[in-house]
Amino acid sequence: MSSQLSIVGGGMVGACLALALQAFAKQAGWRIRLVEAHPPGEGQQTSYDARATALSHGSRLLLERLGVWAELAKGAEPIRRIHVSDRGHPGVTRLEAQQEGVPALGYVVENALLGKVLLGALDHDVVEWLAPARVSRVQPQVGGYTLDVEHNGVTQQLGTDLLVLADGGRSGLLEQLGVHREVKPYGQMAIIANVSSSEGHDSVAYERFTQSGPLALLPLSGKRCALVWTLPEEEAAGVASLPDQAFLARLQEAFGYRMGALTQVGSRACYPLQLIEAQEQVRPHLVVLGNAAHSLHPIAGQGFNLSLRDTLALADTLIAAGRQQRLPGELATLQQYLQRQQQDQRQTVAFSDYLTRLFSNSQPLLTMGRNLGLLGLDMLPPARRLFARRAMGLKA
């Protein structure tokens, strides 16, 4: 039974979905169309400033299923310990991979490598890759959708039995379809950059909570760390634009000397932070996936990891339906996927939002409460294990 699946957004989420589906699609006669606005390699940095993604241990297991982890592992920096602290207070929690019985609690992989490996694993006998290409319009029709696709200077109208929107929602397609997204601003911005230190990271990821907001330093190759520094909106742009040495001094004051002196910082980018959730994730012949479905605060490192779990769950549900000779766009099938993932989504969104709000608040009672909580986690192995398993993207 031939079916056409169209994935708008060929980034990490879209590529993972195509990769998860391609073997069954080849057997079943399905065709997969992957539409991406940017050609491979565009905007990908291989310099000191290359951007990176934190992968949980659970995501490693999913990437092993996709057959790409062995290649990714060559450039992945392991997180063997996580150190969580509150600046100026005694509360601290330490998580260690050895105590959890895993080789690493997570990994940090540069986005350029992730993209290269995922796209390189696609089977182009079954996956049609359109890039650079832009979907300017989508319209529902009986049995699917039509897409107006601009590619190589020509606009084509293409049909599809299942449309997956995995483009982050920036194209305006969600608005075209009337899919409302609930936006909860945090009143914060994230400064993203890479930094180096005199003593290096020793495979430790640091989560540090300050009066201005949380910051994270995640291990990268060499002595580099990926920085995510949350600051109030009115402060962030000014701090990000400081000369290198002034920026490092400000960061050193906020973070401390656990890695020695901070010695180098690359280019900085600022992003407004908000919790965004699509009010609909499925309709007949339509799925909203990835950041288009839910965009989380980056400090807890849960965003892509949740999206990867969603992606594999969607692929498993579609394959199971295909084996029963059911069409991939049937609403009952897509609702089955959503029901399967709803609890994980709710818990992960709540976990991320709770941590963000708790550790961005300087009220004395909340400060005391969270420090007691951090100390309690450090002293109570069962509680620490539950926290660690959530951080690793595993079921408690």
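Each remark here, short or long, concerns the structure printed above.
Reference entry: report on the structure contained in this document. Within every chain, residues take consecutive numbers counted from 1 along the sequence as written. Whole-chain, interface and lining totals are the exception, using all residues; otherwise, since this is a predicted model, local features are given only for residues with pLDDT of at least 70 and side-chain atom pairs are given and counted only at 80 or more. In computing side-chain properties, one takes all heavy atoms of the structure into account and sets aside hydrogens as well as water.

**Here's the deal with the nonpolar core**
(1) Moving on: Side-chain atoms within 4.5 Å are what join buried Ala, Val, Leu, Ile, Met, Phe, Trp, Tyr and Cys residues into a set we call a nonpolar core. Three labels apply to residues, based on accessible area from a 1.4 Å probe with only protein chains included: buried if under 20% of the type maximum, exposed if over 50%, partly exposed otherwise in between. Leu21 and Leu63 are the most contacted members of the largest nonpolar core, which has 50 residues in total.
(2) Moving on: Where helices and strands are cited, they refer to DSSP runs of H or I of at least four residues and of E of at least two residues respectively, numbered from the N terminus. The leading source of residues in this core is helix H1 (residues 12–28), at 10 residues.
(3) Moving on: Contact definition: two residues touch when any of their heavy atoms are within 4.5 Å. Non-local contacts of Leu63, meaning those with residues more than four positions away in its chain, are made with Cys16, Leu55, Val68, Trp69, Leu72 and Leu308.

**Here we look at the packing of H1 against helix H5 (residues 111–120)**
(1) Moving on: Working convention: axes come from line fits to C-alpha atoms, limited for helices to the stretch in contact. Angles between N-to-C directions cover 0 to 180 degrees. Relative to each other, H1 and H5 sit at 25°, their axes nearing to 10 Å. Our classification of the angle between H1 and H5 gives roughly parallel. For the pair H1 and H5, the sense of crossing is left-handed. Touching Met12, Ala15, Cys16 and Leu19 of H1 are Asn111, Leu114, Leu118 and Leu119, all from H5.
(2) Moving on: Residues that form the contact of H1 with H5 fall into these classes: 7 nonpolar, 1 polar and no charged. Relative orientations are named as follows: roughly parallel for angles under 35 degrees, roughly antiparallel for angles over 145 degrees, roughly perpendicular for angles from 65 to 115 degrees, and oblique for any other angle. It is the rotation of the near helix from the far one that decides the hand of a crossing: anticlockwise by less than a right angle makes it left-handed, clockwise makes it right-handed. Note on residue categories: nonpolar means Ala, Val, Leu, Ile, Met, Phe, Trp, Tyr, Cys or Pro, charged means Asp, Glu, Lys or Arg, and polar means any other residue, Gly included.

**Things to note about helix H2 (residues 57–65)**
(1) Moving on: Among the residues of H2, those classed as buried are His57, Gly58, Ser59, Arg60, Leu62 and Leu63.
(2) Moving on: Its buried side turned inward, H2 meets H1, strand E3 (52–56), helix H3 (69–73), strand E7 (106–110) and helix H9 (303–323).
(3) Moving on: In the segment just after H2, Gly67 is the residue with positive phi, at about 80°.

**As for H9**
Owing to its 3.6 residues per turn, the α-helix brings residues three or four apart onto one side.
(1) Moving on: Here, expected helix span is obtained from the residue count minus one, scaled by 1.5 Å. With 21 residues, H9 extends 31 Å between its outermost C-alpha atoms, agreeing within 8% with the 30 Å of an ideal straight helix rising 1.5 Å per residue.
(2) Moving on: Burial within H9 is extensive, with 18 of its 21 residues counted as buried.
(3) Moving on: The positive-phi residue at the C-terminal boundary of H9 is Gln325, with phi of around 65°.

**Focus: the pairing of strand E9 (residues 133–141)**
(1) Moving on: Whether two strands pair depends on DSSP finding at least two bridges between them. As paired strands, E9 and strand E10 (residues 144–151) are joined by 8 bridges and run antiparallel to one another. Bridge pairing in E10 links Arg137 to Asp148.
(2) Moving on: The turn joining E9 and E10, which pair antiparallel and follow one another in sequence, is formed by 2 residues; a positive phi near 85° is taken by Gly143.

**Regarding the sheet that holds strand E11 (residues 154–160)**
(1) Moving on: Taken together, the 3 strands give an open sheet; going across it, the order is E9-E10-E11, and neighbouring strands pair in antiparallel fashion. A strand with exactly one partner marks an edge of an open sheet, and here the two such strands are E9 and E11. Between one strand axis and the next, the sheet turns by 20° as a mean value, whatever way the strands run.

**Focus: the pattern of salt bridges**
(1) Moving on: A side-chain nitrogen of Lys or Arg and a carboxyl oxygen of Asp or Glu constitute a salt bridge if their distance falls within 4 Å. Within the structure shown, the criterion is met by 15 salt bridges.
(2) Moving on: Here Glu71 makes a salt bridge to Lys74, at a shortest N to O gap of 3.1 Å.
(3) Moving on: Residue class for Lys74 comes out exposed when judged on its relative accessible area of 67%.
(4) Moving on: The partner of Arg326 in a salt bridge is Glu330, with the nearest N and O atoms 3.7 Å apart.
(5) Moving on: What makes Arg326 partly exposed here is its relative accessible area of 22%.
(6) Moving on: Residues participating in the shared-partner salt-bridge network are Lys26, Asp123 and Asp125.

**Looking at the sheet that holds strand E20 (residues 286–288)**
(1) Moving on: Across the sheet, 6 strands lie side by side as E8-E2-E1-E12-E20-E19; this open sheet has mixed pairing. Bordering the open sheet on either side are strand E8 (127–130) and strand E19 (282–283), each of which pairs with just one other strand.
(2) Moving on: When strand E1 (residues 4–8) meets strand E12 (residues 162–165), the two strands line up parallel, connected through 4 bridges. Bridge pairing links Val8 to Leu165 in E12.

**Some words on the packing of H2 against H9**
(1) Moving on: Running from N to C, H2 and H9 point in directions that differ by 35°, and their axes come no closer than 10 Å. At the point where H2 passes H9, the crossing takes the left-handed sense. Mapping the contact onto sequence places Ser59, Leu62, Leu63 and Arg65 in H2 and Asn305, Leu308, Arg309, Leu312 and Asp316 in H9.
(2) Moving on: Classifying every residue of the contact of H2 with H9 by side-chain character gives 4 nonpolar, 2 polar and 3 charged.

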